[in-house]
Amino acid sequence: MEYKPIRAIISGGGTGGHIFPAVSIAGQLKACNPSTEVLFVGAEGKMEMEKVPAAGYEIVGLPIVGLQRQLNLRNIINDIQVPFKVVASLLKARKVIRKFRPDIAIGVGGYASAPLLWSAQAMGIPTLIQEQNGFAGLANKTLGKKAGSICVAYEGMERFFPKEKIVLSGNPIRSQIVPVTPEMKAEGLAFYGMNPDKKHILIVGGSLGSGTLNRAMRKWIEDGCTGGEDVEILWQCGKYYKADTDAFMAGRDLPGITHTDFIARMDLAYAMADLVISRSGASTVSELCAAHKAAIFVPSPNVAEDHQTHNAMALVRKGAAMLVRDDEAVESLMATALYTLKDSRKIAAMEEAAGALALPDAAQTIVDEVYRVIGENNPDYGL
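Keep in mind it's a predicted model, so treat the numbers as computed, not measured.

(A) Just the packing of helix H7 (residues 211–222) against helix H12 (residues 326–341), in detail. Contact geometry of H7 with H12 gives a least axis separation of 8 Å together with a crossing angle of 55°. By the angle between their axes, H7 is oblique relative to H12. Classified by chirality, the crossing of H12 by H7 is right-handed. Counted together, Thr212, Leu213, Arg215, Ala216, Met217, Lys219 and Trp220 of H7 and Asp326, Ala329, Val330, Glu331, Leu333, Met334 and Leu338 of H12 form the full contact between these two elements.

Listed below in structure tokens is the structure:
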């Protein structure tokens with residue numbers, strides 16, 4: 001199959017959950033044809049402005065900001081600026097498009113995605129949406145009407161998009177995340193200094209951390225770690241909570257608990273874990289399916305349209321995961337995890353169900369859709 005060189009803009013960002021899939025799509029485009037040119041468009045001041053160049057790609061920032069729902073002076077000032085920054089972002093997006101002359105614009109969600117795709121559609125540029133969550137936001141639902149293709153990660157998305165445009169692609173994930181083998185599990189246990197004769201829990205709070213997951217761990221520790229004698233835990237508390245967690249753990253003799261702000265080898269962390277406790281961002285959910293891991297999700301209540309609950313429930317309904325509500329987690333999360341960990345058949349069933357939901361070729365599926373959409377407008381570039 002011939003993949004001709006194209007020029008693609010990939011827009012979106014704001015969180016690692018948007019950035020990792022975007023970089024994965026770019027990498028697959030370049031793998032199919034190294035002469036393909038990719039330009040990223042993100043939001044000024046957001047993490048993509050650092051992460052994307054680190055991955056080897058050029059990025060342009062738009063002055064876009066999102067509406068803040070909590071009522072305080074800082075957020076009021078932010079929200080007053082939103083319409084003006086939207087207009088400025090639309091104008092800048094048009095300039096970027098004119099200069100780069102893309103064959104297609106790909107939106108992966110986040111602040112910068114909407115103004116870039118709106119501008120591209122208004123200028124007659126083909127567009128593709130990669131919807132990572134199980135519940136589509138207003139911007140993507142609106143943009144989907146004119147998009148050439150909508151690549152989704154969950155079934156049932158015809159609630160939000162024209163059915164004929166939907167492709168079940170899955171979310172692109174880091175290439176290191178693969179189904180865990182016994183050899184990988186042994187490597188992960190050795191890498192993190194864990195005892196292979198014990199059970200293991202991985203708590204993933206994200207790059208900044210999760211206050212709820214951290215409070216649940218702290219309460220369990222303060223209560224005497226009941227039931228945890230035969231369990232070792234790798235606890236990613238996050239950068240924001242690292243100092244407080246260090247202070248809390250100081251002087252406590254708990255050799256079975258390892259806390260850290262960042263996990264560099266997530267593939268080995270997944271591999272060593274018998275059970276993962278995590279928020280349910282789209283990328284994390286897709287990675288756990290790809291790794292065939294049993295999980296307990298605690299969806300964040302602080303995301304638009306309650307995306308994370310929808311993401312988690314897509315697995316819970318299939319028997320691939322469990323869910324503990326955020327407002328119940330501090331009291332019940334660790335007890336639920338330890339009880340579940342003792343049921344090896346339940347763990348095995350969740351692992352099997354999670355693996356059945358994995359879509360490991362997501363990036364290639366999306367790239368093929370990119371070429372199909374371009375080909376509808378320019379037959380010389382279709383597959």
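(B) Focus on helix H8 (residues 242–249). Taken residue by residue, H8 has Thr245, Phe248 and Met249 as its buried positions. Seen along its axis, H8 keeps its buried residues to an arc of 90°; they face one direction. What points out from H8, more than 90 degrees from its buried face, is the exposed set Ala243 and Ala247. Taken together, the buried residues of H8 touch H7, strand S9 (231–236) and strand S10 (257–260). Positive backbone phi, at 85°, marks Gly251, one or two positions downstream of H8.

(C) Looking closely at the side chain of Gln308. With respect to the helices and strands, the residue Gln308 is situated in helix H11 (residues 307–316). Residue classification places Gln308 among the buried residues on the basis of a relative accessible area of 12%.

(D) View of the packing of aromatic side chains. Taken as a whole, this structure holds 5 aromatic pairs when the rule is applied. Look at Phe40 and Tyr57: their rings are 5.3 Å apart centre to centre, the planes differ by 50°, and that puts the pair in the tilted class. Of this pair, Phe40 sits in strand S2 (residues 37–43) while Tyr57 sits in the loop between helix H2 (48–54) and strand S3 (58–62), and the two are 17 residues apart along the sequence. Just as Phe40 is buried, Tyr57 falls in that class too. Measuring from centroid to centroid gives 4.9 Å for Phe191 and Tyr192, while their planes differ by 80°, and the two rings are edge-to-face. The ring centre of Phe100 lies 4.3 Å from the NZ or CZ of Arg7, which sits over that ring.

(E) View of empty space enclosed by the protein. Taken as a whole and assessed by the stated rule, the structure comprises 1 cavity of 30 Å³ or more. Around the largest cavity, the lining residues are Ile10, Ser11, Gly12, Gly13, Ile19, Ala22, Phe40, Val41, Glu48, Val52 and Val108. Residue classes in the lining of the largest cavity are distributed as 7 nonpolar, 3 polar and 1 charged.

(F) The arrangement of the packing of H7 against H8 in detail. Contact geometry for H7 and H8: axes closest at 12 Å, N-to-C directions at 5°. Viewed along their axes, H7 and H8 adopt a mutual orientation that is roughly parallel. Along the contact surface, H7 presents Arg218, Ile221 and Glu222, while H8 presents Asp244, Phe248 and Met249.

Reading guide: rules and limits
- Residues numbered from 1 in each chain as written.
- Predicted model: local features only at pLDDT ≥ 70, side-chain atom pairs only at ≥ 80, totals over all residues.
- Heavy atoms only, no water.
- Axes fitted to C-alpha atoms, helices over the stretch in contact; angles between N-to-C directions.
- Helix = DSSP H or I, 4+ residues; strand = E, 2+ residues; numbered from the N terminus.
- Parallel < 35°, antiparallel > 145°, perpendicular 65-115°, else oblique.
- Left-handed = near helix turned anticlockwise from the far one by under 90°.
- Contact = heavy atoms within 4.5 Å.
- Buried < 20%, exposed > 50% of the residue type's maximum accessible area, 1.4 Å probe, protein only.
- Arc of directions from axis to C-beta.
- Phe/Tyr/Trp six-rings, centres within 6.5 Å; stacked < 30°, edge-to-face > 60°.
- Lys NZ or Arg CZ within 6 Å of the ring centre and 35° of its normal.
- 1 Å grid on protein atoms, 1.4 Å probe; cavity = no way out; pocket = protein on both sides within 12 Å on 5 of 7 lines; lining within 4 Å.
- Points joined across faces, edges and corners; volume = space filled by probe spheres on them.
- Nonpolar A, V, L, I, M, F, W, Y, C, P; charged D, E, K, R; others polar.

Functional significance is not addressed by these values, which are geometric in nature.
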